[in-house]
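Structural overview
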Amino acid sequence: MKRNENKLSSKNLKINTRIIITSALAILIPIVIIVAFSPVFVNMFNTIFNMSSVTTNSYSTINQAQWSQTMSAISNDLTSGMSEEQSYAAIRNIAANLESFDTRIYIEKNGEVFYKTEGADNIPEDAQKISPFERSDNVNHFGSNGLLLVNNTQNATDEYFILIVNSNYTVNDASQRLSFEEFKNLIFGRTGLIILAIILLFIIAIIVTSFVTAQTIVKPLKKISVGAEEIAKGNLDYQIDYHSTNELGQMAESFDHMRLRLMQSLRTQSDSERRRKELVAGIAHDLRTPLTSVKGYAEGLRDGIAGTPEKQSRYVNTICSSIDSTEKILDDLLAYSKLELDSFELNLESVNVNEFFLDGAEEIRAELEAEDFDFSFMTNCSDSATLLLDSDRFTRVIQNIVSNSIKYRKPDVKGEFSLRISEYQRTVIIELTDNGTGVDRENLGRIFDTMYRADPARSGVSEGSGLGLSICRQIVELHGGSIWATGEKNKGLSIYISMPKEEKNE
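Now for a quick tour of the structure. What you see as residue numbers is a count from 1 along each chain, following the sequence as written. The predicted nature of this model means local features are confined to residues of pLDDT at least 70 and side-chain atom pairs, given and counted, to a pLDDT of 80 or more, with totals for whole chains, interfaces and linings taken over all residues. Side-chain metrics rest on all non-hydrogen atoms present in the structure, leaving aside hydrogens and water.

**With respect to the pairing of strand β5 (residues 159–166)**
Consecutive side chains of a regular strand alternate in pointing toward one face of the sheet and then the other. Only protein chains enter the area calculation, which uses a 1.4 Å probe; residues under 20% of their type maximum are buried, those over 50% are exposed, and those in between are partly exposed. Helix numbers and strand numbers start at the N terminus; a helix is a DSSP run of H or I with at least 4 residues, a strand a run of E with at least 2. Extensive coverage of β5 is indicated by the burial of seven of its eight residues. Looking at chain direction, strand β1 (residues 104–109) and β5 are connected through six bridges and run antiparallel. When the sheet's bridge partners are listed, Lys109 is paired in β5 with Tyr160. Here strand β4 (residues 146–154) runs beside β5; their pairing, made up of eight bridges, is antiparallel. Counterpart to Leu148 in the pairing with β5 is Val165. For two strands to count as paired, DSSP must find a minimum of two bridges between them. The turn linking β4 back onto β5 is made up of four residues.

Written out as C-alpha cells, the structure reads:
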C-alpha cells in the first residue's frame, strides 16, 4: 500500500506535467477568484460610475450607459412578478429622478396605460417626432432633437411597452469631447485600478505557481548536482537522497547506479592490480630458486670444485633439471597470459573417453611410479561416450593436477593417486584424488586462484609457478566444463572435473 502511495505522490509528477499544471493553475486561479467575486465587482462598477441613475441631461458615453441601466431596471421591476401596486411604486421611484430632467415616461401593460408622467399628454406622438419607430421595435436614440428609448418586454402573463422621451436632451461636439475626456479619466482612474488589480492577480498567481513548481524541480536538481560533484571528487560512498519515479528521480537513480558501477570497477581494478603484483612477486620468487641453483653449480664447474667426472655429471644434471623447472614456469606464464588475453584457442575434436584416458593413464602411471606413488585407474564409461576436447590442452590439465599432487605429498609417506571416470546422462565426471597434505576447507575455493599456495611460506615447494591449477580452471571452463575440489588439511585432496558429453545427432 505504501509503495502505491509513493507512486501517486506529487513529487513523482513528470516535469512536463508540472509545467502544464502550473500554466493551467496560473489561468484558472484568477478566473475562479474573479468569478467568485464577480457580484462584488459588478456592484463596485455600478457604484463607481453611478449606473443606477441618470445624472445629466446631456450625452456622454457614461450617460448612455446610465440610460441603458435605467431602462433595464424598469423592465426588471415590471417583469419581476411583484404585485401591480409594488411594480407601480418601484416605477414611480425611478421616474421621480428622471422626470426632474424633463423626462417623460409612458408604459403600457397588455395594451392599457400602466404609468404615464403626470401632466404629459401625447407622449407617443412626441416620440414619433423625435425619431419615427414601430411599436414592436426597441429603440435607443440619442440626438440633438431629443432622447428616445423604446423597449418591449414581457413575463409569463403580461406584455409591457415602455417609452422614455426627453425633448430637451443635448448632443454637440463640445459635449462629446467633454464626455470622452470624462470617460478617459474614469477609465484611467477608477477603472484603471480595477484592471490593474485583475492584472496583478494574474501576475501573482503565475509567480506563486511558478515558484512552487520551480522549487519542486530546483531542489532535487541541487541534490543531484551536489551528488555529481561528490562523485567527481571521488566520494563514491555519497548517495543522492532523492527518490521519485519522474525524470529527476530516474536521473538520481542513474547517478547512483553509475556510482555503484564505479565502485565495482575500482574494486575490480584494485583486485586485478593486487593479483598482478602477487603474480610478479610469485614468478620472481619461483624463478630465483632454479636460477640460483644453475648459477651455483655453474660456478662450481667454472671454479673446478667438481673435480671428478661423477661430480661434474651430477652438477650438469642439476643444472639441466633447474633449467627444465625454469622453462616450465615460463611456459605456464605464457599459457596464463594467453588465457587472460583471450588469445588461447582450442582445437576441438571428438575424443572417445575410454581411449583417451586409457592412453593417458599409462603415462601417469610411469610418472607417479618414478616418484614412488601407487596409482589406480577405473572407468565406468561406455565405449560410445565421447567428449569434444582439445587433447593437448586437456592433457595439460591432467598433468598439472598430477604434478600438484607430487609437489604436495606428505613427507615420509608413500604417495597414492587415483583416477576415476564416471559417465552420466549428459556429463562425464573425472575424479583425481591423492593422499597429500590437503587444504583447509575454508581455502578450498581459492586453490584455483592465481598464485595461491597452500603453503603461505612457499617452503617445501621446489618447483612450479603457482599458476598450474588456475590454468586448469580456465582451460576446463573454455571447454564448457567446471572444476572444483574437496578435502581437508592433512587428509588429501580430490579434484573433480565435469565435462559435457558430445551431443550426437541420430
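**What to know about empty space enclosed by the protein**
A pocket here means an open set of points on a 1 Å grid, computed over the protein atoms alone, that has protein on both sides within 12 Å along at least five of seven lines. A cavity is instead a set of points where a 1.4 Å probe fits but cannot get out; residues with an atom within 4 Å of a point line either one. Grid points are joined across faces, edges and corners, and a volume is the space filled by probe spheres set on the points. A complete count under the given rule lists two cavities of 30 Å³ or more for this structure. Volume-wise, the second largest cavity comes out at about 40 Å³. Around the second largest cavity sit Ile401, Asn404, Ser405, Leu432, Asp434, Leu493 and Ile495, which together line it. Secondary-structure elements contributing two or more residues to the lining of the second largest cavity are α11 (391–407), β10 (427–434) and β12 (493–500). Take the lining of the second largest cavity: its biggest share by element is three residues, from α11. Class assignment for the residues of the lining of the second largest cavity results in four nonpolar, two polar and one charged. Under this grouping Gly is polar, as are all residues other than the nonpolar Ala, Val, Leu, Ile, Met, Phe, Trp, Tyr, Cys and Pro and the charged Asp, Glu, Lys and Arg.

**With respect to the side chain of Arg104**
Structurally, the position occupied by Arg104 is in strand β1. At 2.6 Å, the side chain of Arg104 and the side chain of Asp126 are in polar contact. Setting aside residues up to four positions removed in sequence, Arg104 forms contacts with Thr117, Ala120, Ile123, Asp126, Leu163, Ile164, Val165 and Ser167. Polar contacts, as used here, are pairs of N or O atoms within 3.5 Å; protein pairs need one atom able to donate a hydrogen and one able to accept it. Residues neighboring in sequence count only if both atoms are side-chain atoms. By definition in these notes, contact holds between two residues if any of their heavy atoms fall within 4.5 Å.

**A word on the packing of α11 against helix α12 (residues 468–478)**
Simply put, an axis is a line fit to the C-alpha atoms, just over the touching stretch for a helix, and the angle between two N-to-C directions goes from 0 to 180 degrees. In contact at an axis separation of 9 Å, α11 and α12 are set at 150 degrees when each is read in the N-to-C sense. Considering the angle they form, α11 stands roughly antiparallel to α12. The element α11 and its partner α12 pack so that their crossing is left-handed. Listed contacts from α12 to Arg393, Phe394, Arg396, Val397, Asn400, Ile401 and Asn404 of α11 are Gly468, Leu469, Ile471, Cys472, Ile475 and Val476. Split into classes, the residues belonging to the contact of α11 with α12 amount to eight nonpolar, three polar and two charged. With respect to orientation, any angle under 35 degrees is reported as roughly parallel, any angle over 145 as roughly antiparallel, any angle of 65 to 115 as roughly perpendicular, and every other angle as oblique. Whether a crossing is left-handed or right-handed is set by the direction in which the near helix is turned from the far one by less than a right angle, anticlockwise for left-handed and clockwise for right-handed.

**Things to note about the nonpolar core**
Counting residues in hydrophobic clusters, the biggest one holds 41 residues, and the most contacted among them are Phe357, Phe394, Ile430 and Ile497. Setting aside anything within four residues of it in sequence, one finds Ile430 in contact with Phe357, Phe394, Leu419, Arg420, Ile421, Ile495, Tyr496, Ile497 and Met499. In these notes, a set of buried Ala, Val, Leu, Ile, Met, Phe, Trp, Tyr and Cys residues joined through side-chain atoms within 4.5 Å is what counts as a nonpolar core. In this structure, Tyr59, Met71, Leu98 and Ile162 belong to the second largest nonpolar core, which totals 22 residues.

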